[in-house]
Amino acid sequence: MARQFFVGGNFKMNGTKESVKKIIGYLNDSDLPAQVEVVIAPPALYLGLAVEVNTQKTVAIAAQNVFDKDAGAFTGEICPAQVKDLGATWTLTGHSERRTIIKESDEFVANKTKFALEQGLSVILCIGETLEERKAGITLDVCARQLDAASKIISDWTNIVVAYEPVWAIGTGLAATPDDAQETHKAIRAHLATTIGEKQAAEVRILYGGSVNGKNAKEFKDKADVDGFLVGGASLKPEFVDIIKSRL
Ligand code: 13P
C-alpha cells in the first residue's frame, strides 16, 4: 500500500510579512510534483497572509500549535476554529520545542491533538527523544509513551501524520542516518500496530525531522518507513523545493 510522500515546513518563530511572502514565492514559482503533499507552518500571525499568497494546490497551510479548548478566556492561545477561519487546514502538535521549553506534557499534547481533529484540522503529531534519552537506550520507550497518550484517547488516525524528530538532530546539522531513521520508524509503526491496529499503522505516514536539507533528503529515498520530512531551517530557503522533489 503506497503512502503519499509528505513534506512539511515548520518556519518556527521566524519571518516577517516580507520574508513569509518571499518563501511562499519560492513554492509558487516552482513546478511542484502533483504527487507530493506539502504543508507549511508559518507563525500564527502570518497564517492568513500565507493562505492568501499561496497559489499551489498541493500546498496547505498549518498552525504550529493550537489550544485544546474552543474560544474563551485563554489569553494568548489560539483555537482550531480560528486557524480554520484563516483558511489553514493543519496544525502541528507536540513539537519538541514546546515539549521541552514550554513543558507541554504528553497528555496536554494528546488533548490538543484530539480537539484539533474534532474541530476538523489535520494534525502533524511530533514525537522524539532527547540526547540523554537516546544515550540511555530508551528512544522507543519515549516515542511509545508520547504516542500512547494520543492513542489512548484517539481511535481514528486518518488525519494524523506522525513526525519523528529526535531532539538531538533538530537545528544541529546532525541528521539521523537514513538507516537509523528507518529502524526507528519501523519500530514506531510496529508499536502503533499494537495500539491503533495493523491497518491504521500501515497507513499512517511517519515523517523524519531534524537537519533535513536539500542534499541529504535524497539519501532517505529507499527507506520504506520514511514517508517524508518535517523540515525546519531549510524550509525557509529555496532548497525546500529540492526536498519536495527528493523522491522524483
Ligand atoms: P531543522 O530542520 O532546523 O533541524 O528543524 C527540524 C524541526 O524541528 C522541524 O519541526
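- The protein chain is annotated in an unreviewed UniProt entry as Triosephosphate isomerase from [Candida] railenensis.
- As stated in UniProt under Sequence similarities (unreviewed entry), the record for the protein chain gives "Belongs to the triosephosphate isomerase family."

### Side note on the nonpolar core
At step 1: Among the nonpolar cores identified, the biggest contains 60 residues, and W157, Y208 and F229 are the most heavily contacted of them.
At step 2: Here Y208 is in contact with Y164, P166, A169, A175, A176, A181, H185, F220, V226, G228, F229 and L230, once residues within four sequence places are set aside.
At step 3: Counting residues in each nonpolar core, the second largest holds 13 residues, with A41, I124, C126 and L230 among its members.

### Details of the environment of W157
At step 1: Tracing the backbone through its elements, the reader meets W157 in the loop between helix 7 (139–151) and strand 6 (160–164).
At step 2: Since its relative accessible area comes to 2%, W157 is described here as buried.
At step 3: With 50 residues separating them in the primary sequence, W157 and L207 have C-alpha atoms 15 Å apart.
At step 4: What W157 contacts, discounting residues up to four positions off in sequence, is L125, L147, A150, S151, V162, L192, I196 and Q200.

### Structural notes on the pattern of salt bridges
At step 1: Considering all chains together, one arrives at 18 salt bridges under this definition.
At step 2: A salt bridge links D227 to R189, with the shortest nitrogen-to-oxygen separation between them at 2.8 Å. Taken together, the residues span a long stretch of sequence, with D227 in the loop between strand 7 (206–209) and strand 8 (228–231) and R189 in helix 8 (residues 178–195) at a distance of 38 residues.
At step 3: Salt bridges here are not isolated pairs; linked through shared partners, they connect R3, R189, D225 and D227.

Here is what the cut-offs are and how they apply
Residues numbered from 1 in each chain as written. Predicted model: local features only at pLDDT ≥ 70, side-chain atom pairs only at ≥ 80, totals over all residues. Heavy atoms only, no water. UniProt positions renumbered as here; feature names shortened; annotations may be inferred. Core = buried A, V, L, I, M, F, W, Y, C linked by side-chain atoms within 4.5 Å. Buried < 20%, exposed > 50% of the residue type's maximum accessible area, 1.4 Å probe, protein only. Contact = heavy atoms within 4.5 Å. Helix = DSSP H or I, 4+ residues; strand = E, 2+ residues; numbered from the N terminus. Salt bridge = Lys/Arg side-chain N within 4 Å of Asp/Glu carboxyl O.

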